[in-house]
Amino acid sequence: MTSWNKEIEDLRQIINQFEVKDASSLEAFRIAFLGTKGKLKDVMQLMKEVPNEEKKIFGQAVNELKSFTESLFENYKTNLGTSSNPKSLNIDFWATATKQNLGVRHPISLVRNEIIQIFSKIGFVVAEGPEIEDDWHNFTALNTPKDHPARDMQDTFFLTEDKEFLLRTHTSSAQIRAMEHQNLPLRILTPGRVFRNETISARAHCTFHQVEGLYIDEGVSFADLKQCIYYFAKEMFGSENVRFRPSFFPFTEPSAEIDISCFICNQKGCNVCKKSGWVEIGGSGMVDPNVLKNCKLDSNKYSGFAFGMGIERIAMLKYQINDIRLFWQNDIRFLNQFKAAF
Ligand code: DAH
């Protein structure tokens with residue numbers, strides 16, 4: 001065997017033994033043997049040393065090795081499915097793209113957004129307050145001084161030993177911030193998270209959401225409050241059948257609980273309305289003059305109404321959800337049911 005013959009056969013063996021198992025080893029194969037600085041080019045250089053009478057047969061041998069290597073390369077490529085030629089790929093380019101699973105809005109966000117939308121049509125704008133509050137905004141300015149028994153209505157998470165800082169127990173604290181910092185007339189809506197030290201059950205949670213409404217101007221009356229709530233009930237639940245039940249809140253006088261007629265059983269009596277035909281959606285009332293004074297507003301000139309509603313409560317009614325804990329479990333079987341909502 002001539003020396004060039006041996007070189008060609010050795011190279012053939014190396015080519016044959018080269019392991020191609022993935023796209024990167026395929027590329028390494030191409031570079032090593034077929035590339036511009038590859039082994040086949042090196043072998044070609046031997047031509048200079050080959051005696052004239054052998055040049056032809058040498059050329060044929062090298063060409064044969066070259067086409068052998070090229071077809072080996074093509075074979076590997078096809079098997080790995082990385083060919084640039086679509087015909088040799090096992091891919092259906094016309095197949096429908098994989099459906100991306102988009103997330104859905106949480107029912108609390110849906111209801112909050114809907115409430116904002118409804119009230120924004122009658123001029124209410126969103127004003128937010130902090131979740132960590134001080135005693136003044138959460139209690140004292142809302143006509144609930146330190147020794148007031150109404151403080152016990154809400155089990156508070158205090159953050160400091162002197163009880164000066166706490167997690168807000170209601171969004172009413174944002175009323176005070178708005179009255180202190182914004183110009184009159186004032187028409188605000190405050191959706192947000194509130195916290196109470198309550199035992200978690202199907203009906204109660206230590207964290208939930210409220211939305212607070214406040215309207216302060218000259219000559220605002222209880223009739224305005226009623227019209228505003230009638231409008232809301234109609235838009236939200238499709239029913240204007242609302243009743244105002246006398247109640248007590250330190251920051252409103254008079255105060256009223258808002259009930260709407262049970263649209264689930266049409267007042268025939270069901271579990272949701274506890275057979276009463278009515279379901280409570282929040283509290284309301286005329287802002288107590290003491291609250292206006294605490295915010296340095298002239299209570300002889302201005303009056304206003306306020307209301308506060310639980311967003312979970314409204315969502316539970318709207319979607320007929322019977323356990324408040326579902327809102328926090330992030331179970332996609334629950335959340336996916338709100339896909340069709342907006
Ligand atoms: N802050 C009250 C609560 O959490 C709800 C409430 C009642 C808000 C009457 C108001 C109101 O603005 O006027 O129970």
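Remember, predicted model here, so these are calculated numbers, not experimental data.

**Thoughts on the overall build of the protein chain**
- Helix and strand counts for the protein chain come out as 12 helices and 9 strands.
- Here the protein chain has a C-alpha radius of gyration of 38 Å; the compact-globule value for 342 residues is 20 Å, and the former is much larger.
- Its C-alpha atoms give the protein chain principal-axis dimensions of roughly 120 × 50 × 35 Å.
- For the protein chain, the exposed area adds up to about 19,200 Å²; of that, 50% sits on carbon and sulfur atoms.
- Seen as two clouds, the 41 positive and the 43 negative side-chain charges of the protein chain have centres 6 Å apart.

**Some thoughts on unusual backbone geometry**
- A cis geometry characterises the amide bond from Leu 184 onward to Pro 185, with omega recorded as -5°.
- Take Pro 185: it is sitting in the loop between helix H7 (172-181) and strand E4 (186-195).
- Of the consecutive residues Glu 253 and Pro 254, the connecting peptide bond is found in the cis state with omega at -5°.
- Its place among the elements puts Pro 254 in strand E7 (residues 252-261).
- In this structure, Lys 274 is a non-glycine residue whose phi angle is positive, near 50°.

**Side note on the environment of Arg 333**
- With respect to the secondary-structure elements, Arg 333 resides in helix H12 (residues 332-335).
- For the pair formed by Arg 333 and Pro 149, sequence separation is 184 residues and the distance between their alpha carbons is 43 Å.
- Only 2.7 Å separates the side chain of Arg 333 from the side chain of Asp 331, close enough to count as a polar contact.

**A closer look at the domain arrangement of the protein chain**
- Domain annotation of the protein chain identifies domain 1 (3-81) and domain 2 (108-338).
- Spacing between the C-alpha centres of domain 1 and domain 2 amounts to 81 Å.

**What about the sheet that holds strand E6 (residues 242-249)?**
- Read from one edge to the other, the open sheet built from 7 strands follows the order E1-E4-E5-E9-E8-E7-E6, with strand pairing classed as mixed. Two strands bound the open sheet, and with one partner strand each, they are strand E1 (125-126) and E6.
- Bridging between E7 and strand E8 (residues 278-287) involves 8 bridges; their strand directions are antiparallel. Note on E8: the bridge partner recorded for Ile 260 is Val 279.

Calculation criteria
- Residues numbered from 1 in each chain as written.
- Predicted model: local features only at pLDDT ≥ 70, side-chain atom pairs only at ≥ 80, totals over all residues.
- Heavy atoms only, no water.
- Helix = DSSP H or I, 4+ residues; strand = E, 2+ residues; numbered from the N terminus.
- Rg over C-alpha atoms; globule rule 2.2 N^0.38 Å.
- Areas by Shrake-Rupley, 256 points an atom, 1.4 Å probe, with all protein chains shown as cover.
- Lys, Arg positive; Asp, Glu negative; His and termini not counted.
- Charge placed at Lys NZ, Arg CZ, Asp CG, Glu CD.
- Polar contact = N/O pair within 3.5 Å; in protein donor to acceptor, adjacent residues only side chain to side chain.
- Domains from an automatic or database assignment.
- Pairing = 2+ DSSP bridges.

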